[in-house]
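# Results of the structural survey
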Amino acid sequence: MKREFVAIAILLALLALSLMNVRHIENKTMTLAEEIEEAGELYRSGDPEGSAARVQSSMESWLGWESYSHIMLRHSEIDLVTDAYFGLLSEIESEDTVPEASFGALIEKLNDIVNKERVGLGSLL
Amino acid sequence: MGIVFFRTLIIYVSLVFAMRLMGKRQLGELELSELVITVLISDIAAHPLQDIGIPLMNGVLPIIILLCCELIISGIIVKSNRAKEFLCGKPCFLIVNGVIDQKQMKKNRVSLDELAEELRGQSVLDISLIKYAILETDGRLNIVLFPSERPVTAGQMCVITSDGGYPAIIVNNGKLVPQNLLLCGKDENWLRNELSARNVSDLKDVYFMSVNDAGQVYFAKAEDEK
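This section reports on the structure supplied with the text. Sequence order sets the numbering: in each chain, residues are counted from 1 along the sequence as written. Starting at A for chains and at 1 for ligands, labels are handed out in the order in which the entities are written. Under the rules for a predicted model, residues below a pLDDT of 70 receive no local features and side-chain atom pairs below 80 are neither given nor counted, while totals for whole chains, interfaces and linings still include all residues.

In this description a helix means any DSSP run of H or I spanning at least four residues, a strand means any run of E spanning at least two, and both kinds are numbered starting from the N terminus. Along the backbone of chain A there are six helices and zero strands. Residue burial here comes from a neighbour count, namely the number of other C-beta atoms, placed from the backbone, that lie within 10 Å of the residue's own C-beta, with 20 or more meaning buried, 12 or fewer meaning exposed, and in between meaning partly exposed. Scored against the burial criterion, the 125 residues of chain A give a buried share of 22%. Contact between residues is assigned whenever the C-beta positions, reconstructed from backbone atoms, fall within 7 Å. Look at the contacts in chain A between residues 6 or more apart in sequence, and 64% of them connect residues 24 or more apart.

All names here are of chain B. As for its placement among the helices and strands, Gly174 is situated in the loop between strand 5 (168-172) and strand 6 (175-176). The exposure class of Gly174 is partly exposed, given the 13 C-beta atoms found within 10 Å. Each C-alpha atom, one on Gly174 and one on Val206, is 5.1 Å from the other, the two residues being 32 residues apart in sequence. Those residues within four positions of Gly174 in sequence are excluded, and the remaining contacts are Leu203, Lys204, Val206 and Ala222.

In this description, a nonpolar core means buried residues of the types Ala, Val, Leu, Ile, Met, Phe, Trp, Tyr and Cys, linked to one another by C-beta atoms lying within 7 Å. Formed by 21 residues in total, the largest nonpolar core has its most connected members in Ile36, Val55, Val81, Tyr85, Leu88, Ile92 and Leu106 of chain A. Sorting the residues of this core by element identifies helix 1 (2-44), helix 2 (48-64), helix 4 (75-93) and helix 5 (100-117) of chain A as the ones contributing at least two each. The element best represented in this core is helix 4 of chain A, accounting for six residues. Aside from chain neighbours lying at most four places away, what touches Tyr85 of chain A is Val55, Met59, Trp62 and Leu106 of chain A. If you look at the next biggest cluster of nonpolar residues, it comprises 10 residues, including Ala45, Ile63, Cys68 and Leu71 of chain B.

Negative phi is the rule for most residues except glycine; trans is the rule for most peptide bonds. All names here are of chain B. Its identity is not glycine, yet Arg109 carries a phi of approximately 50 degrees, on the positive side. Relative to the helices and strands, Arg109 is located in the loop between helix 5 (102-107) and helix 6 (112-121). Even without being glycine, Asn199 reaches a positive phi, approximately 60 degrees. Tracing the sequence through the fold places Asn199 in the loop between helix 8 (188-197) and strand 7 (206-211). Given 8 C-beta atoms within 10 Å, Asn199 falls into the exposed group.

Our next topic: the environment of Gly98 of chain B. Residue and element names in this part refer to chain B. Along the polypeptide, Gly98 turns up in the loop between strand 1 (92-96) and strand 2 (99-100). Residue Gly98 is classed as partly exposed on the basis of its C-beta count, with 15 C-beta atoms lying within 10 Å. Taking the C-alpha atoms as reference points, Gly98 and Ile130, 32 residues apart in sequence, are found 5.0 Å from one another. Ignoring anything within four residues of it in the chain, the contact list for Gly98 reads Ile127, Ser128 and Ile130.

Here it is, written out as structure tokens:
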């Protein structure tokens, strides 16, 4: 029975690690989404430079998380978010008006990541 | 390409390790749960190898989980007959006393052609000679002939036979297997003498050599490489 108990212990440990991983991704994407929301508010209040700085720091935080995200997330999803960050930053830094949807699109992509990882009936089925 | 190289190595080592832990049965006849896991593992392992956009963890983690499930299920099967019956099914008698059980044939979805093929595979052409034909849980068909149709054994004939015992491999492809030499109660002097009796001075010239409990030696000289 020793082998079976070891197998059960490994399964439980993997389950715990998986749930911790989901929680970690949830926290990280939520923090990043909040930063983008703040950047949007700064832009709306007429501070495009402050908004760009906030998006820049959020992007650095996202890129700094790459070693973890590349192990745990599909690379196509990571690329989508990274492209959205670069797109938003270049839009803010250009002279043109940034549509509200650009901030929303990045937030949506960050939320998509955690929605796919979250354990629920929808994601399971 | 480097990523594919290392990923393939990691998946290969994980698979070999997992199959090793599952036991030798995986290599031969598979029970239902074992077959499911073997098919699943081979499919899951292939995905991260083909698409480097999928994290390797997506391949390794399912292998570990399936391995744990298999260990737990095989442990339960060993402990509980009811669990074994539930997970693997029960052996079925397809032929009893030379009569085909048509109900069991239908239930197990075995056609007459398949039954005949299995019987031919075991050199039985006449169903009336069969006492029992048992469909095992791993899909094998085992046949027990009527006592009058079974081959006569030496015991039944009251013939005294000699048993040479288990032949231990002493030299395997030019390499000495020292533990087997000790097991047979022989030493290197004995080996030297045996080799010189066969005009061989170097172990590299021996392809295969074994000795059984009766001291009978089987010897095969290595062929020249050209």
